[in-house]
Structure formats: C-alpha cells, structure tokens
Amino acid sequence: MLRLKNINTYYGKVHALKNVSLHLAEGEIVTLIGANGAGKTTILNTISGVTPAAAGEVVFCKEPVQALQPDRIVKLGISQVPEGRQVFKPLSVEDNLELGAYLRYRSRESKAAIHEDMERVFALFPRMLERRKQLAGTMSGGEQQMLAIGRALMAKPKLLLLDEPSMGLAPLVVQEIFRVLDQLRRETGTTILLVEQNAKAALKLADRGYVLETGKVIMEGPAAELMENAEVKRAYLGKDKKEIWER
Amino acid sequence: MLKFLAFAGMILLAPLYFKGGYLMNVLVFVGIHTMLAIGLNLLLGYAGQISLGHAGFFGLGAYLSGVLTATYGWNPWLAMPLAALMVGALAFAIGFPILKLKGHYLAMATLGMGIIIYIVFNETVELTGGPSGLSGIPNLAVGSLTFDSDVKNYYLIWSFTLVTILLTLNLANSRVGRALRAVHDSEVAARVMGVNARLLKVQIFALSALISSIAGSLYAHTMTFVSPASFGFNFSVELLTMVVIGGLGSIYGSFLGAALLTLLPEFLRAAQDYDIIIYGGLLMLMVMFMPGGLVRGVPDLFRKLLKKGGANHA
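Chains are numbered independently. Their residues run from 1 in the order of the written sequence. The lettering of chains begins at A and the numbering of ligands begins at 1, in the order of writing. Reporting of local features is limited, given that this is a predicted model, to residues whose pLDDT is at least 70; pairs of side-chain atoms are given and counted only at 80 or more, and all residues count toward the totals for whole chains, interfaces and linings.

## What to know about the overall build of chain B
What counts as a helix is a DSSP run of H or I of at least four residues, what counts as a strand is a run of E of at least two, and both are numbered from the N terminus. On a plain count of helices and strands, chain B comes out with 14 helices and four strands. A globule of 314 residues ought to have a C-alpha radius of gyration of about 20 Å, and chain B, at 20 Å, matches this closely. Along the first, second and third principal axes, the C-alpha set of chain B runs to 70 × 55 × 40 Å. In chain B, 76% of the contacts between residues at least 6 apart in sequence involve partners at least 24 apart. For this measure, only C-alpha atoms enter the radius of gyration; the expected value for a globule follows 2.2 Å times N^0.38, where N is the number of residues. For the purpose of contact definition, each residue receives a C-beta atom placed from its backbone, and two residues are in contact when these atoms lie within 7 Å.

Below is the structure:
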C-alpha cells in the first residue's frame, strides 16, 4: 500500500534521512522505533509532504506522491496525527473534528455522512462526546491526544500516521489509546504507521517494526521477533536493567 | 442573524437621532474605518497574519477610483469594482512571496510594501498630483440621486459596510473561517488536516486588500479629494490598533474598535493640547485591562459591576 524507496531528506545541511526504504501492506500496523533524533518524525513528515524528500520515491496505492503538497496527500487518504497532538486549542472539540473533514466538506460530501463519522469517533472516545462544546486547549493531555486521533479519522484515511501518541501521558491513558488503535484495526482495517518511544507497547500492538538510528534503518522484522532481539532489548526495552533490578 | 438585524436597525435609525450635522460626517468615517478594520481583522484576527501596509491598499483603491473618474472620466460604479479587482490581484501576487514569512519578518515585509505604495503616490505627480493631492473626484450617483451630503453619504457608506459585515460574518462561521483559525493556531496541523495553508493565507490577504480597496474608493468619492498623507504608515498602525482594541477575531469587535478610535479624538477635542496624552493613556489602559478587546472586555466589566452590586445588597 505504501512504499518508500531510498528516501533522503535534509533540514538545511543536516542529512536527516539516509536511504530509508520501508513498506506497509494494507491492514498492517507497522511501528518505527528509535532514539531521539533518529528520524522517526521526519519519515512521517516526508510521507505527509510537510518535509518533502530531496531524493527518493514515496509510492502510495501505486501512485508516486513524493512531490505532492500536504493537502493533496490528505485527499489521497493519508492522515497524520502530529507529534505533540497539535489540536487547535482555541476551537471546540466539535470544530476540531469538523476541521479533520475539511477536504470532505470542500468536495461537497453530504453532511450526514460526515456526521455519521463524527458519531463513530464519539463511539471510540466517549469522552469527546461529553466535551464536544469544550475548547480543546482546556482538556487534559490524554483527551487532547484522543481528539487528535479522532480528528485524523474524520478525513476517512486509508493510512493513519501516528506520531508518538503516548508522549507525556499517564500509563493508564496510554493503555486506553493503544486499546483504541487495536479496536480500530479490528473494526475498520485501517493501516497504521506508528512512531513510538514506548517501544514495548508499540511492538506489542504492531505486526512489524523498523528500528532507526541516526537516519538509517538498522533493523526490521516481525514485531515479536524484534521484541526478542537482544540488541533491541538492550537499547530500547531496558531488559538488562530490569533483570538487574529484579534480582 | 438576529444580532445582525438589531445592529443594522440601529445603524439605519441613527441619523434620525443625530439629525444631520457634524457628527454625521464623523459617522461616515466610522463606516469606512469599520470596513477597513474588518478587512484587516480577517487577516490578523482569523488567519493570524500581520500586515503593517493596509493603508496602502486603502490608498490604491482611492487613487485608482480617483484617477479613473476625475482624470479619465469613467463612471465611478465601473471604476470601483475594477479598482477592487486590480488591488486584489496585486495583493494576490505580492502575497505569494511575502506570506511565506512569519511574525516580525512578515511585519517588516508588509511595512515595506506600504511604504513603497506611499512613495508611488507622492512621486507619480502627473498621475496622482503628488503631495498636493488629486481633486475633482465626482460623488457617486444613482440616477438623479447624487450622494453629496453627509446624511446621503452615511446611508451609502453604511449599506456597503453592512453588506461587508454580513458577508464576513458568514465567511467567519463557515468551513473557511474554521480553517483560518486552524492556520492561526498551528499551521503544520492545519496542513496535515488537508488545509492548503499557503494558498488560503494568500487568498485571505487578497480578500482583505479587496475590501480595503472598496473602502478606499468610497472614501475618494465622499471626500472628492485624496492626498498621500491619508495613506501613510501612521494610518496602517491606526487600523491595526482598531482591530486589536476592538477584539481580534470578532467582526463586531472591528466595528467597536473603529468607532472608538474614530470618535474618541473628536470628543477629546475639549481637552485641547492634552488630547493626545489622554488618547494614548486610554489605549494603554484598554490593552492592559481588556486584552480580549472591547467586544469581550466590556461585557466582562458589566458582569463584574453587577456582581459587586449584588454583593453589596447581601
């Protein structure tokens, strides 16, 4: 469904992605793990067109999309949940969700269909229904994250790009969010590319994973295998230390 | 809608109360300034993009209408829309490169744009009359009705202003208004939602300039005389002040800001030489105590007063 071939992206002179290649099949959940500055967010931004690649190819549903503007890419069916949530704070929950359907409103899709999807978001996150008139900026971090995911779903994406949905949230809230992602996969078959610091939770949910280091893919494989990999354990799961503590 | 009808009713009945006279002339200016403030508010209050050069668009509208009618004898009703389209197209062309800039840099770029337009007014003497201005601009007329008195001009200007208010209220509450506020809050998030932020900013800049240009044409035809001094940097700042004092992101706020900043100097005449000090002091106090602008600050003030009153009774 999505294929990146030899992507190279720069910030000015900084070479942020070096020959990155990866792929996602339809219905898959794939996770990108790696330390800060490894290039995880840059990969998402390159796919969504916010930080276009200098060289390489991004193919989505057999169409090259690397030269397209972000709004065209959203239109093709890729929605991003940006890092740090980025909900529109002075706008109400409802307005935020309607903004997620911006292009659908523009192409004059029926309001009933859009509202049906809004109901679906409310079913996934009942908390949003309670707060539909509240300003997004006045909600807790976890609620804002739920809103950001709901907002991305309003575009009816085929592929959902999630950038660190667990950032700065309490463990229980993180659990809740991962539960919803799992539910989303089971009910709608949405394909998800998930960037996470919380490697353990991410690998548990995902089918496959890629490990990034300083802009390069250094490892890839089924999530269960990566979870057992000694190098991944040492670097991202903190297994060794845990064993020391437990002794 | 009810709010708008009440507002329109109040505006249309105002002349009965003031019965013509000097104040009518000031109220004509309130109307023109309201249009300008609304135009700038779309850009600043909704899309979050600053402009320190809007007096330039106002001036371009005035001069284009003035030159086409006074020098070339065009029909004013033809000159006005043509001027508006030309100014809108110009803003669209300028907008593409400069709206990539953000914050202080955008302020500098629009400042430069305003100054260039001002210099053009001064230097193209054979076309604009240079610093001594352009006179002999005809009044607008419909059939045998010529808009040549303050009361007639009041109704002329305010019909345009009311239509502007109605259209911009509509725009602000639509999909586009929501997208503008999204761009204001987080451009990246708006872009990944599918909003073409760059194009939207340029479009709103052009619309804002177009409204300013129509206000300029109306100004030229009511004054029948224009000179560069009215369209300088000072006036751009005054427009900005109207928008901020009235309330960012509120159409009615723009009216309040424009009304206050137009009427206040008239009332302060009584204080003679001290007027400018009181004026400045009042503006400072309002920004300090009503950071949300008059449109939010005044209701808050009433609520506080009512609360205090209630507490005294208890």
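## Some thoughts on the overall build of chain A
A tally of regular secondary structure across chain A gives twelve helices and ten strands. Its C-alpha radius of gyration of 18 Å places chain A within 12% of the 18 Å reference for a compact globule of 247 residues. Here the C-alpha coordinates of chain A stretch approximately 50 × 45 × 35 Å along the principal axes. Three exposure classes are used, all based on how many other C-beta atoms lie within 10 Å of a residue's own C-beta (placed from the backbone): buried at 20 or more, exposed at 12 or fewer, and partly exposed between those limits. For chain A, the residues scored as buried account for 45% of the 247 residues in total. In chain A, of all internal contacts separated by at least 6 residues, the share reaching a separation of at least 24 is 67%.

## Some points on the pairing of strand 1 (residues 2-11) of chain A
Residue and element names in this part refer to chain A. A pair of strands is treated as paired once DSSP finds two or more bridges between them. Pairing analysis gives seven bridges linking strand 1 to strand 2 (residues 14-24), with the strands arranged antiparallel. The partner of T9 across the bridge, within strand 2, is L17. With five bridges joining them, strand 1 and strand 4 (residues 55-60) adopt antiparallel strand pairing. By the bridge assignment, N8 is partnered in strand 4 with A55.

## Section: the interface of chain B and chain A
With 15 residues of chain B at the interface, the matching set in chain A holds 24 residues. Contributing elements (two or more residues each) for the side of chain B that touches chain A: helix 8 (175-185) and helix 9 (187-192) of chain B. Looking at the side of chain B that touches chain A residue by residue, the classes come out as seven nonpolar, three polar and five charged. In this classification, Asp, Glu, Lys and Arg are treated as charged, Ala, Val, Leu, Ile, Met, Phe, Trp, Tyr, Cys and Pro as nonpolar, and every other residue, Gly included, as polar.

## Digging into the sheet that holds strand 2 of chain A
All names here are of chain A. The four strands lie next to each other as 2-1-4-5, forming an open sheet whose pairing is antiparallel. Each edge of the sheet is formed by a strand with only one pairing partner; in this case those strands are strand 2 and strand 5 (63-64). For helices, the axis comes from a line fit to the C-alpha atoms of the stretch in contact; other axes are also lines fit to C-alpha atoms, and the angle between any two N-to-C directions lies between 0 and 180 degrees. The strands touched by helix 1 (residues 40-48) within the sheet are strand 1, strand 2 and strand 4, with strand 2 carrying the most contacts at an inclination of about 70 degrees.

## Section: the sheet that holds strand 7 (residues 159-163) of chain A
All names here are of chain A. Overall, mixed pairing links the six strands, which are arranged 6-7-8-3-9-10 in an open sheet. Only two strands of the sheet have a single partner each, and these edge strands are strand 6 (78-81) and strand 10 (216-222). Pairwise comparison of adjacent strand axes, ignoring direction, gives a mean angle of 15 degrees for this sheet. Here strand 3 (residues 29-34) runs beside strand 8 (residues 191-196); their pairing, made up of five bridges, is parallel. From the neighbouring strand, I33 faces strand 8, where its bridge partner is E196. Together, strand 3, strand 6, strand 7, strand 8 and strand 9 (208-213) form the strand contacts of helix 1, whose direction differs from that of strand 7 by roughly 145 degrees. Running over the sheet, helix 7 (residues 141-153) touches strand 6 and strand 7 and is turned about 170 degrees from strand 6.

## What to know about helix 2 (residues 22-46) of chain B
Quick reminder: α-helices carry 3.6 residues per turn. Residues three or four places apart thus point the same way. Residues and elements named next belong to chain B. An expected span of 1.5 Å times one less than the residue number is assigned to each helix. End to end, helix 2 covers 35 Å across 25 residues, agreeing with the expected 36 Å (1.5 Å per residue, within 8%). Maximal helix bending in helix 2 amounts to about 35 degrees, located at L40. Burial analysis of helix 2 places 19 of its 25 residues in the buried class, which makes it a mostly covered element. Downstream of helix 2 by a residue or two, G48 has a phi angle that is positive, lying close to 75 degrees. Fitting axes to the seven residues ending at a residue and to the seven starting there, one defines the bend at that residue as the angle between these axes.

## Brief notes about unusual backbone geometry
Residue and element names in this part refer to chain A. Even without being a glycine, N19 presents a positive backbone phi close to 50 degrees. Relative to the helices and strands, N19 resides in strand 2. A positive phi angle, near 35 degrees, is found at T214, a position not held by glycine. Relative to the helices and strands, T214 is located in the loop between strand 9 and strand 10.

## Focus: the packing of helix 2 of chain B against helix 11 (residues 233-246) of chain B
Geometry of a packed helix pair, given as the angle between the helix axes and the separation of the axes. Residues and elements named next belong to chain B. Interaxial distance between helix 2 and helix 11 falls to 9 Å at its minimum, and their mutual angle equals 75 degrees. Looking at the two axes, helix 2 sits roughly perpendicular to helix 11. Within the contact between the two elements, helix 2 uses H33, L36, A37, L40, N41, L44 and G45 and helix 11 uses L239, L240, M242, V243 and G246. For the contact of helix 2 with helix 11, the per-class residue count stands at eight nonpolar, four polar and no charged. In what follows, roughly perpendicular refers to angles from 65 to 115 degrees, roughly parallel to angles under 35, roughly antiparallel to angles over 145, and oblique to any angle outside these ranges.

## A word on the confidence of the model for chain B
Counting all residues, the mean pLDDT for chain B is 92, and 98% of those residues have values of 70 or more. Predicted complex metrics record ipTM = 0.73 and pTM = 0.84. Summary of the metric used: pLDDT quantifies the predictor's per-residue confidence within the range 0 to 100.

## As for the packing of helix 3 (residues 54-71) of chain B against helix 10 (residues 197-223) of chain B
Residue and element names in this part refer to chain B. One can describe the packing of helix 3 onto helix 10 by two numbers: an axis separation of 7 Å at closest approach and a directional angle of 50 degrees. By the angle between their directions, the pair helix 3 and helix 10 is classed as oblique. The interaxial crossing formed by helix 3 with helix 10 has right-handed handedness. Listed contacts from helix 10 to H54, F57, F58, G59, L60, G61, A62, S65 and G66 of helix 3 are A209, S212, S213, I214, A215, G216, S217, Y219, A220 and H221. Looking at the contact of helix 3 with helix 10 residue by residue, the classes come out as nine nonpolar, ten polar and no charged. For any helix crossing, the convention is left-handed if the near helix is rotated counterclockwise from the far helix by under a right angle, and right-handed if that rotation is clockwise.

## Describing helix 12 (residues 251-268) of chain B
For helix 12 of chain B, with 18 residues, the first-to-last C-alpha span of 26 Å sits near the 26 Å given by 1.5 Å per residue. Listing the buried residues of helix 12 of chain B in full gives B:I251, B:G253, B:S254, B:F255, B:L256, B:G257, B:A258, B:A259, B:L261 and B:T262.

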